[in-house]
Every structure is written in C-alpha cells, then in structure tokens.
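An overview of the molecular structure
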Amino acid sequence: MSSDYAKQLGAKLRAIRTQQGLSLHGVEEKSQGRWKAVVVGSYERGDRAVTVQRLAELADFYGVPVQELLPGGTPNGAAEPPPRLVLDLERLSQVPSDKAGPLQRYAATIQSQRGDYNGKVLSIRQDDLRTLAVIYDQSPSVLTEQLISWGVLNPEARRAVDTTAGA
C-alpha cells in the first residue's frame, strides 16, 4: 500500500471516528478492547497497513459501508457531493398535519437551526431523509415516493435515493 494511499485511508478513518465523537481510547472502550487505541491510531496515521478483513470489521464497528472508508478517485480524495433534496415548504403547508406533521416539525427544526426562514424551499441531506424514513416507519425510497405524491419533493429526488440504495 502506497504511503499516500495509507494516509488518505487513515484520514477517512479518523474523520469517521471523530464524527462519531470518539477518541482513540473511546474506540478501545466501546469495542471492549477489540480495537486497541494504539493500533487504530497507527491505521489513522498511515503507519500501519490494514488488511481488507480488518478494514471491513472496523467499518462494521463504526456502522458505515466499507466504501466510505476507502479514499475516493476524485481530486483530493473528496467524495462527490450527493444529489440535493429540496422540500417545497409551500406545498408542505398544504398537506394535512395528520400526514405531514412529523415532516413539518422536522423541517421547522432544521429552519430554526440554520436561521433559514425563506418559507419557500428547504434543502435536506440524505441522512435527513433516512431519519425521516425511520420516523415514518418506511424505507427511504417508499417515503420519497410519498413525498413526491404530496408534491413536497421533485421527482428528481428519486435519483438521489437511488444513489444511496446500497448504503
């Protein structure tokens, strides 16, 4: 494994760990010693080669697909941004609250956090869609179809969901 690739892989590992709010010792504690802090740290620095098997196990521990840990083929190793999902807030306000209540509250929370009160549209992330799918007890693709039928999401949103189907 080339040194540059090992460092890029390590940076991805570190990013996932820190996104989850874990220190190296936190990983060791959470894994009950399965993942030693010194070993994970050496993977993250690119000082130690990680086998495919160990990488798959580490991805499983972090709860992410293995491909999320692999350096991408795009410049600077950055992942291509996912397609945008845009809620039509004007249409959402016309959907009965008994159907759209959870989505209306979720959108209002995002607006509050962002200080974004234009009232017309709201961009959400694919993680938001997955969270909403859990709230609605549906798969992201089924929820997307429902939101499209309500006129809240543009039919282009189907492509965004298709890109995450394997995730």
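See the structure above.
Below you will find a few notes about this structure. Owing to the predicted nature of the structure, the values given are computational and were not obtained by experimental measurement.

Some remarks on the overall build of the protein
Each helix and strand in the protein was counted, giving 10 helices and two strands. Each helix and strand of the protein, placed in order from N terminus to C terminus, yields the pattern α-α-α-α-α-β-α-α-β-α-α-α. Within the span of the protein, comprising 167 residues, buried residues form 36% of the whole. Residue pairs in contact within the protein that sit at least 24 positions apart in sequence constitute 54% of those at least 6 positions apart. Of the roughly 10000 Å² of accessible surface on the protein, a fraction of 51% belongs to carbon and sulfur atoms.

Quick look at the pattern of salt bridges
For the structure shown, the criterion picks out eight salt bridges. Of the charged contacts in the structure, one is a salt bridge between R17 and E44, with a shortest N-O distance of 2.6 Å. Here E44 lies in helix α3 (residues 37-45) and R17 lies in helix α1 (residues 3-19), a separation of 27 residues in the sequence. With respect to burial, R17 and E44 carry one shared label: buried. In this structure, E57 engages R34 in a salt bridge whose closest nitrogen and oxygen atoms are separated by 2.2 Å. Of this pair, E57 sits in helix α4 (residues 52-62) while R34 sits in the loop between α2 (24-30) and α3, and the two are 23 residues apart along the sequence. Residue classification places E57 among the partly exposed residues on the basis of a relative accessible area of 23%. Accessibility expressed as a relative area gives 41% for R34, which makes it partly exposed. Connected through salt bridges with shared partners, the residues R14, R17 and E44 form a single ionic network.

Reading the values: rules and limits
Residues numbered from 1 in each chain as written. Predicted model: local features only at pLDDT ≥ 70, side-chain atom pairs only at ≥ 80, totals over all residues. Heavy atoms only, no water. Helix = DSSP H or I, 4+ residues; strand = E, 2+ residues; numbered from the N terminus. Buried < 20%, exposed > 50% of the residue type's maximum accessible area, 1.4 Å probe, protein only. Contact = heavy atoms within 4.5 Å. Areas by Shrake-Rupley, 256 points an atom, 1.4 Å probe, with all protein chains shown as cover. Salt bridge = Lys/Arg side-chain N within 4 Å of Asp/Glu carboxyl O.

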